[in-house]
Amino acid sequence: MAQDSGTRTLISQAQLERGRGRIIYWTLLVVVVVGFTLVFIGPLYWMVTGALKSGQEIAQTPPSLFPKDPQPQNYVDAWRNLDLAKLLFNTFYYATGAVLFQLVLDTAAAYSLSKLRPIFGNAILGLMLATLMIPAMVLIVPQYVTVIDLPVLHVNLLDSPFAIWLPLVANAFNIFLLKRFFDSIPEDLMAAAFVDGATPLRTLWSIILPMSRPILGVVSIFAVTAVWKDFLWPKLVMPSPETRTVSVGIYAFSGGTPMNVVIAASVIAAIPTVVIFLIFQRNIMSGLTTGSLKG
């Protein structure tokens, strides 16, 4: 029987059918899968189990693999002592605003570059993508100077949510993702809408956005995780204890707090993003790959 020419693998089917070849193949597969699993799951395991250990046990060398005397009270102490409810609410508030701003402004920019095609649109897109080559740390100083004295308006944005929202709007990567997805939408739909008398804004609202739910979900998740994991920028622009994000709040309290309680607070802070990823991981992959296919 002839081998299917459309199926290409690193190891031929004949080698896989041999006893030794099959053993080597499955051994390598198991080693690679287990290795990558330990690399990614290992830190999470140590964080979760470390939050259940006592202060003496977490500081001992070598570390214990399992908690000898699990102490769930550490999570309760972390929630109460670090005021995690307030910190999580602040972070959720900032993340929600970042999602709304990016969905509105980045979608408008990507739609304009993809479908309206303004003059010098390719040059503008190229300049946007060029900003991805600039290290984020280089932009900290000019962004901070801008925040403490907003040009034209001369407003100080410290301790204001706009200090977090506005820098996140200028996200060249998300604009590029959205543009690539919009490019995959057939021009026939746009032409049909214009023939029916639809304005560009009406076409965006009634045709483009309903078809773009996967990529809009991806952009939303990226916006949430960017706010949730960021540390340096919120620490600079949110100096007040009342406006801190969860990462900054945990750091601020870590000086006089037992390490096991700090680790428990880190576990609680990581739960929302892990849950979001587990729920929407299929949407993330579909949104990232759909825009690369022309239909």
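Up top you'll find the structure we're talking about.
Here goes a summary of the coordinates provided.

Calculation criteria
Residues numbered from 1 in each chain as written. Predicted model: local features only at pLDDT ≥ 70, side-chain atom pairs only at ≥ 80, totals over all residues. Heavy atoms only, no water. 1 Å grid on protein atoms, 1.4 Å probe; cavity = no way out; pocket = protein on both sides within 12 Å on 5 of 7 lines; lining within 4 Å. Points joined across faces, edges and corners; volume = space filled by probe spheres on them. Helix = DSSP H or I, 4+ residues; strand = E, 2+ residues; numbered from the N terminus. Nonpolar A, V, L, I, M, F, W, Y, C, P; charged D, E, K, R; others polar. Core = buried A, V, L, I, M, F, W, Y, C linked by side-chain atoms within 4.5 Å. Buried < 20%, exposed > 50% of the residue type's maximum accessible area, 1.4 Å probe, protein only. Contact = heavy atoms within 4.5 Å. Phe/Tyr/Trp six-rings, centres within 6.5 Å; stacked < 30°, edge-to-face > 60°. Patch = residues over 30% accessible without salt bridge, like charges linked within 9 Å, V, L, I, M, F, W, Y side chains within 5 Å. Areas by Shrake-Rupley, 256 points an atom, 1.4 Å probe, with all protein chains shown as cover. Salt bridge = Lys/Arg side-chain N within 4 Å of Asp/Glu carboxyl O.

1. A closer look at the layout of surface pockets
Vacant regions in the atomic arrangement are exposed by a probe of water-molecule size rolled over the atoms. The volume enclosed by the largest pocket comes to roughly 1100 Å³. Residue lining of the largest pocket: 32 residues in total, with Gln 143, Pro 167, Leu 168, Ala 170 and Asn 171 positioned closest to the centre. Take the lining of the largest pocket: its biggest share by element is six residues, from helix α12 (residues 213-229). Looking at the lining of the largest pocket, its residues break down into 24 nonpolar, six polar and two charged.

2. A word on the nonpolar core
With 36 residues, the main nonpolar core has Leu 84, Ile 164, Val 227, Val 237, Val 246 and Ile 250 as its most contacted residues. Only α4 (73-81), α5 (84-116), α7 (140-148), α8 (162-169), α12, α13 (232-237), α14 (246-253) and α15 (259-290) provide two or more residues apiece to this core. Broken down by element, the residue count for this core peaks at eight residues, all from α15. If we ignore the near neighbours within four places in the chain, the residues touching Leu 84 are Ala 78, Trp 79, Val 246, Ile 250, Ala 265 and Ile 268. Counting 18 residues, the second-largest nonpolar core is a separate cluster that includes Ala 110, Leu 125, Phe 181 and Phe 182.

3. Describing the packing of aromatic side chains
Counting across every chain of the model gives nine aromatic pairs. Residues Tyr 45 and Trp 46 carry aromatic rings whose centres are separated by 6.0 Å and whose planes lie at 70° to one another, so their mutual orientation is edge-to-face. Taking the relative accessible area as the measure of exposure, Tyr 45 reaches 29% and is therefore partly exposed. Overall, Trp 46 belongs to the partly exposed group, its relative accessible area being 38%. Ring centres 5.9 Å apart and planes at 50° place the aromatic pair Tyr 93 and Tyr 94 in the tilted group. For Tyr 93, a relative accessible area of 41% puts it in the partly exposed group. For Tyr 94, a relative accessible area of 4% puts it in the buried group. Three or more aromatic residues joined by ring pairs make a cluster, and in this case those are Tyr 93, Tyr 94, Phe 101, Phe 162 and Trp 165.

4. What about the environment of Val 246?
Within the secondary structure layout, Val 246 lies in helix α14. Look at Val 246 and you get buried, because its relative accessible area is 2%. Each C-alpha atom, one on Val 246 and one on Leu 87, is 4.7 Å from the other, the two residues being 159 residues apart in sequence. Those residues in contact with Val 246 that sit more than four places away from it in its chain are Leu 84, Leu 87, Leu 88, Thr 91, Trp 228 and Ala 269.

5. Let's talk about the side chain of Asn 90
Among the structural elements, Asn 90 can be located in helix α5. Under the relative-accessibility criterion, Asn 90 is labelled buried at 5%. For Asn 90, the contacting residues outside a window of four places in its chain are Glu 242, Thr 243 and Arg 244.

6. Digging into a nonpolar patch on the surface
On the surface, Val 32, Phe 36, Val 39, Phe 40, Ile 41 and Leu 44 cluster together into a nonpolar patch covering about 610 Å² of accessible area. Inspection of the secondary structure puts Val 39 in helix α2 (residues 19-50). On the basis of relative accessibility, which here comes to 56%, the residue Val 39 falls in the exposed class.

7. Focus: unusual backbone geometry
Positive phi, normally seen in glycine, also occurs at Arg 117, with a value near 50°. Considering the arrangement of structural elements, one finds Arg 117 in the loop between α5 and α6 (121-130). Judged by its relative accessible area of 56%, Arg 117 falls in the exposed class. Phi at Val 152 takes a positive value of approximately 70°, unusual for a residue other than glycine. Among the secondary structure elements, Val 152 is positioned in the loop between α7 and α8.

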